[in-house]
Structure formats: structure tokens, C-alpha cells
Amino acid sequence: MQDLNLQVTTGVAKTGVVALLDTGKPGPTIALRADIDGLPVTENTNLPFASKAMGEFDGNQAGVMHACGHDTHIAMLMGAATVLTQMKEQLRGKIKFIFQPAEEGAPAGEVGGAEIMVKEGVLKNPNVDVIFGLHISSDKDVGTVHYREGGIMAAVDPFKVVVKGKQSHGAYPWLSADPIVTSAQIIMGLQTIVSREVELIDSAAVVSIGKITGGNRSNIIPNEVEMIGKIRSLNPDTREHIHEAVHRKVNAIAASMNATAEVTLPLDYQYPITYNKPELMQEMLPVLKETAGQENVKLTKAVTGAEDFSFFQEKVPGLYLFVGGKSRDIPASEAPGHHTPEFKIDESGMALGVKLLSNLTIDYMKNH
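Source: prediction; values computed, not measured.

Considerations on the sheet that holds strand S12 (residues 205-214)
And step 1. In spatial order, the strands read S12-S14-S10-S15; together these four strands make up an open sheet with antiparallel pairing. A strand with exactly one partner marks an edge of an open sheet, and here the two such strands are S12 and strand S15 (260-264). On average, adjacent strands in this sheet sit at an angle of 20° to one another, irrespective of strand direction.
And step 2. When S12 meets strand S14 (residues 224-233), the two strands line up antiparallel, connected through nine bridges. From the neighbouring strand, Val-206 faces S14, where its bridge partner is Arg-232.
And step 3. Packed onto the sheet, helix H3 (residues 179-197) meets strand S10 (155-164), S12 and S14 and runs at close to 170° relative to S12.
And step 4. Strands in contact with helix H4 (residues 236-256) are S10, S12, S14 and S15; relative to S15, the strand with the most contacts, it is inclined by about 160°.

Here's what the structure looks like:
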């Protein structure tokens, strides 16, 4: 970035880099973001640049691999920075190039990612008016761009439930208030939030319990059970309703079993909804069609996975898009999945990413 004579700041949110292009002329400030982190995955591809690196994760040795395509995100943003810097005299306003660490999550006991970048002021000095981001997809055709207005990726809200009953010998369950049976009923009750209370025709939602801990012997009904789970939602109203319903269901079921329960929600972190503001999406949709060709611009379904780009969108309007990275001669069913050792993409897909980031910036500057 320094070779482009940009104003470069390092050490943002620990290992992030932010570069500023100032045209010297009045206009909007546009941010372009790429996530830069890898994953603890041992690469198993035949690529000449396949990672051989090893590192430590949670105290264990693990491979280090760009198993989600963030290296291509870096390359696409570097490409856009090069293009836009060369066009500096034709532009007005400012552009922030944000290279963000820890999208996949910070190491245990640490904080990081977009949330910390926002807290450190990455959207200020100068104040950002709009932000654009892309993610490459190994199962979508090269040359295509996939969009959705409104929620495109889910909010994630981890939660914990502690059920407290009364311990007894397993031979005399009538002397207990059984937290294991209570927990089983709570788990089933939580599933009815989505199936019976959420308007699924409007947006998807998920309530899952992923871990249950309780008891230590087969002949003892324990005093306490702990469960942890996650809520995923794509609509702010749905998210609020599910939060209320979790508390309501858990407490009512526990009371019906002569037990008590404590709900901690959120547990330790939250990701907001990755939300493409409808007005901005409609404004920029012609740019997608002009850049990729109308036949290559695809309305996509929402994804119940999460993305911390959402923390930027909480503060300023933003668009998050998916760019195809699969060779057209490979069926989607055979494309290597993200977060797997075999993950790879067709590098020709990065060209469209560079063009999209550049053209979105140029068009927004022109019209604002």
C-alpha cells in the first residue's frame, strides 16, 4: 500500500491495516473492506502455493490455511486500490481501504475483528459515508455476482441456560426435581419458537442447542444441568421475538417441572444481521449489472451463517455481496467447500471482484 503513496496505518485491531486515498477534492468518504485471516486447517490441494505453514490453535499444533478465500479478498482489494489510485485525478472525496483481521473470530481470551475496528474509530477521521465488501464463493460460477437486499447473512446470538433442580438417588426420582428431564423438555420447547412463532415466509431463523453438561453417574439425578446454544436470525423483529421467547419458554417449562432456570443471552459475543440497506441496494444494482452483465447478476437466498461486516453496517450504510469463484465446468456439488482442506477457487473470479469494488466506488462518488 505504501508503494501506492497512500496514508497507511498499521496495528489496527492488533494486525489490521487501513490505507487512505485522499483525492484532495470534496466528496464522500467510501470504505472498502477485505478480511485477511486464515484458519487452523492443514491444506490438501495441489496448488503450487499451497500453505505448508504450521501454527498453534487452542494449545494444539495445526495447519495454517486460507480455507475461506480471504487471501483472494486481500488481492481483490489491493487490485481495486491500485486501479482507484491510478484514477485519483478523476475522483473526488476519500477512499478507505480496510484490511480487517479476525473475521473468523479472535483467539481464545482475546478480542478482534470488525467490532474492535469500529470501536477504535476506523469509520471516523474522516467519517465514512458508505462501505462495500465482497466474499468469494467456491460454489458459485466465475463471473457472477450475488446480491440480496435486507438481511443477507444472519445475526448470531449465543446463549446459556442453567437448569437447577433437586438432586436425588436415581432409584427415587419422585424425590427429585430432575434437571435432565427438564432440560430435554426445554430443548423441545425451544424448537417450537421457530416452527410455531416465527413467520418463516418472511425470513429464516434457527435456535440450536449445541452442548449439554450435567450429572456424573447413572444412578444420581443431578442438581444442575447447563446448556449452550445459538440463535440465528435475518430480521430485527424476528431476532427480538426469539430473544423474548427463549426466556419465556425456558422459565415456564422449568417452573412446570418444579425447577428453576437462568438464561444468559447474549452469552459472550453477538454478531448483528448483515443487512444490505434496501435503498442503497437498489441504487447500486445498476452498477452490478453494468459491471458483470445483467445475466450474471443473481438474486441470492439469505445465509444463516454470520459475518462481522455487520458491525460496519450498524454504523453506516453498506452492501455485502458474493462473487463467484467456481470454474463453470465444475458442478456446484463437486466444488470444494469453504473451511475444508481441499478448498480452492478459480482465480479468474477475482477480476470481477476488482471491477465491482472499483465501479461501486466510482459510481457512488459520481452520484454523491
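With respect to a nonpolar patch on the surface
And step 1. A contiguous nonpolar patch, built from Tyr-172, Trp-174 and Leu-175 and spanning about 390 Å² of accessible area, is present on the exposed surface.
And step 2. Along the chain, Leu-175 turns up in the loop between strand S11 (168-169) and H3.

Digging into the UniProt feature "domain: Peptidase M20 dimerisation" (unreviewed entry) in the chain
And step 1. Mapped onto the present numbering, the UniProt feature "domain: Peptidase M20 dimerisation" (unreviewed entry) falls on residues 159-255.
And step 2. Across residues 159-255, helical content stands at 40% and strand content at 31%; the span's end C-alpha atoms are separated by 20 Å.

Brief notes about the pattern of salt bridges
And step 1. Inspection of the entire model under this criterion finds 12 salt bridges.
And step 2. Its salt-bridge partner being Asp-35, residue Arg-33 comes within 3.8 Å of it at the nearest N-O pair.
And step 3. By relative accessible area, Arg-33 is classed as buried at 2%.
And step 4. Given the relative accessible area of 0%, Asp-35 is considered buried.
And step 5. In this structure, the salt-bridge partner of Asp-141 is Lys-326, at a minimum N-O distance of 2.6 Å. Remark: Lys-326 occurs in strand S18 (residues 318-326) and Asp-141 occurs in strand S7 (residues 130-141); sequence separation between them is 185 residues.
And step 6. You can call Asp-141 partly exposed: its relative accessible area is 26%.
And step 7. The exposure class of Lys-326 is buried, given its relative accessible area of 6%.

What about the sheet that holds strand S2 (residues 16-22)?
And step 1. Spatially, S1-S2-S6-S3-S7-S18-S8-S17 is the arrangement adopted by the eight strands of the open sheet, whose pairing is mixed. Edge positions in the sheet fall to strand S1 (7-12) and strand S17 (297-299), since each of these pairs with one other strand and no more. Going from strand to strand, the sheet's axes swing by 25° on average, the running direction of each strand aside.
And step 2. Across eight bridges, S7 lies against S18 in parallel orientation. Paired with Ser-137 across the strands is Gly-324, a residue of S18.

A few points about the pairing of S15
And step 1. Covered by surrounding structure in S15 are Ala-261 and Val-263 only, the residues Thr-260, Glu-262 and Thr-264 on the alternate face being uncovered.
And step 2. Sheet analysis places S10 next to S15, joined by five bridges and oriented antiparallel. When the bridges of S15 are listed, Lys-164 appears paired with Thr-260.

A short note on the nonpolar core
And step 1. Judged by nonpolar contacts, the single largest core of 49 residues is most densely connected at Leu-32, Phe-97, Phe-132 and Leu-288.
And step 2. Per-element tally for this core: the top contributor is helix H7 (residues 350-367), with eight residues.
And step 3. Excluding residues within four positions of it along the chain, Leu-288 makes contact with Val-145, Tyr-147, Met-281, Gly-293, Val-297, Leu-321, Leu-356 and Leu-360.
And step 4. Val-163, Val-198, Ala-245 and Val-250 belong to the second largest nonpolar core, which has 24 residues in total.

Reading guide: rules and limits
Residues numbered from 1 in each chain as written. Predicted model: local features only at pLDDT ≥ 70, side-chain atom pairs only at ≥ 80, totals over all residues. Heavy atoms only, no water. Pairing = 2+ DSSP bridges. Helix = DSSP H or I, 4+ residues; strand = E, 2+ residues; numbered from the N terminus. Axes fitted to C-alpha atoms, helices over the stretch in contact; angles between N-to-C directions. Contact = heavy atoms within 4.5 Å. Patch = residues over 30% accessible without salt bridge, like charges linked within 9 Å, V, L, I, M, F, W, Y side chains within 5 Å. Areas by Shrake-Rupley, 256 points an atom, 1.4 Å probe, with all protein chains shown as cover. Salt bridge = Lys/Arg side-chain N within 4 Å of Asp/Glu carboxyl O. UniProt positions renumbered as here; feature names shortened; annotations may be inferred. Buried < 20%, exposed > 50% of the residue type's maximum accessible area, 1.4 Å probe, protein only. Core = buried A, V, L, I, M, F, W, Y, C linked by side-chain atoms within 4.5 Å.

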